[in-house]
Amino acid sequence: MAKVLIIEDDGNIAELLRLYLEKEGYTLKIVADGAEGVKEAAAFKPNLVILDIMLPSLDGWGVCREIRRTSKVPIIMLTAKGETFDKVTGLELGADDYIVKPFEPKELIARIHAVMRRYGDSPEDLQKRLTFDKLTINLDSYELLVDGSKVDTPPKELELLYHLAASPNRVYTRNQLLDEVWGFDYFGDSRTVDVHVKRLREKLESVSPQWNLKTVWGVGYKFELLDTP
């Protein structure tokens, strides 16, 4: 069973994380101090670390730096700030992903699953399958299920949708998607991405109020998880 170390000094957030992650089947350890978090990372040997930035004794940057000296365990950073500097700094220090507070718990769980899949510790046992309301994207069988029905989808469309949905609410530029889905040696132009997104939208339009394939004007695209009651 995968183990998650939560380093978070806000008791309410720590409790919220505990409730959701235990429901997902993870074994947890929660600490509220940065220096203690570094010690627990070595002793508990987690499969994932969820790390706040603003911590007593040693901030999240320092904790991330110390953990990275001895371990490649995946790290998701939590920050109350949305500045690019925070995000870039965390990723440069070796964090695998970041999420800005306040966050939607479903988004965090989806991010956790995405990171764990990359490292082979997913509760889905490495199945390349993502499930959302009325939507299943399965790269093992290359099937797209929409409201329970199989929808014929070319491989690259499916791979593009999977890539976006594996990191909900993360914005990708067209060039990033060309590199990461088509491959760095692909010599097409960014309009290729636009065409594939357009075709996906035709298949997914109005399927669910809980998610959306969204254009971020001037930047690119994201698979958006929506706040629903």
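Scoring rules and cut-offs
Residues numbered from 1 in each chain as written. Predicted model: local features only at pLDDT ≥ 70, side-chain atom pairs only at ≥ 80, totals over all residues. Heavy atoms only, no water. Phe/Tyr/Trp six-rings, centres within 6.5 Å; stacked < 30°, edge-to-face > 60°. Helix = DSSP H or I, 4+ residues; strand = E, 2+ residues; numbered from the N terminus. Buried < 20%, exposed > 50% of the residue type's maximum accessible area, 1.4 Å probe, protein only. Lys NZ or Arg CZ within 6 Å of the ring centre and 35° of its normal.

Colleague: Sorry, what's going on with the packing of aromatic side chains here?
Modeller: Evaluation of the coordinates by the stated rule reveals two aromatic pairs. Here F132 and F223 contribute two aromatic rings whose centre-to-centre distance is 4.8 Å and whose plane-to-plane angle is 45°, an arrangement assigned as tilted. Here F223 lies in strand β12 (residues 220-225) and F132 lies in strand β6 (residues 129-132), a separation of 91 residues in the sequence. The same class applies to F132 and to F223, which are both buried. Taking 5.6 Å as the distance between ring centres and 20° as the angle between the ring planes, the aromatic pair formed by W211 and F223 counts as stacked. Here F223 lies in strand β12 and W211 lies in strand β11 (residues 211-216), a separation of 12 residues in the sequence. Note on accessibility: W211 and F223 belong to one class, buried. Joined through ring pairs, the aromatic side chains of F132, W211 and F223 make up one cluster. Just above the ring of F44 sits the side chain of K3; from NZ or CZ to the centre is 4.8 Å.

Functional significance is not addressed by these values, which are geometric in nature.
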